[in-house]
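Summary of the model geometry
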Amino acid sequence: MKGIEHDGRRILLVNLDGKLHAWDGTCTHEEADLSTGFLIGEEVTCPLHLSRFNLLTGEAVNPPAEKPLTKYNVKVENNEIFVELDQ
Ligand code: FES
């Protein structure tokens, strides 16, 4: 799991079993940086109030967060990672 910032936007890049996923890296509860949280299995736990998000679906699976994370398309070409921010 790695946090990236681009144009003031946080992106959470996650490798789950060899497949890359890119999510908005800001918690939907009170804007904590999820890259400083904890990755366990397919879920990230927010470091601030411990909401958990499923990183296959983006769903908030544990309160206080209720809204899902925004997903970004990600691809790897020639060992470079590309994240499509505006979809
Ligand atoms: S900021 Fe993430 S759960 Fe509150």
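Described in the following lines is the structure provided in the data block. Because the structure is predicted, anything quoted here is derived from the model rather than measured.

**Focus on the overall build of the protein**
The secondary structure content of the protein amounts to zero helices and nine strands. Helices and strands in the protein line up, N terminus first, as β-β-β-β-β-β-β-β-β. Relative to its length of 87 residues, the protein is compact, with a C-alpha radius of gyration of 12 Å against a globular reference of 12 Å. For the protein, the share of sequence-separated contacts (at least 6 apart) that also reach a separation of at least 24 residues comes to 29%.

**Points about the pairing of strand β9 (residues 80–84)**
In terms of burial, β9 is a largely surface element, zero of the five residues being buried. The hairpin formed by strand β8 (residues 71–77) and β9 contains two residues between the paired strands, and N78 there has a positive phi angle of roughly 50 degrees.

**Overview of the nonpolar core**
By size, the foremost hydrophobic cluster in this structure holds 14 residues, and its most contacted members are L12, W23, L34, F53 and L55. Counting only elements with at least two residues in this core, the list comes to β2 (9–16) and β3 (19–24). A total of three residues in this core trace back to one element, the largest contributor, which is β2. Those residues in contact with W23 that lie beyond four places of it in its chain are L12, L55, G58, L69, T70, K71 and Y72.

The rules we used
Residues numbered from 1 in each chain as written. Predicted model: local features only at pLDDT ≥ 70, side-chain atom pairs only at ≥ 80, totals over all residues. Helix = DSSP H or I, 4+ residues; strand = E, 2+ residues; numbered from the N terminus. Rg over C-alpha atoms; globule rule 2.2 N^0.38 Å. Contact = placed C-beta atoms within 7 Å. Buried ≥ 20, exposed ≤ 12 C-beta atoms within 10 Å, placed from the backbone. Pairing = 2+ DSSP bridges. Core = buried A, V, L, I, M, F, W, Y, C linked by C-beta atoms within 7 Å.

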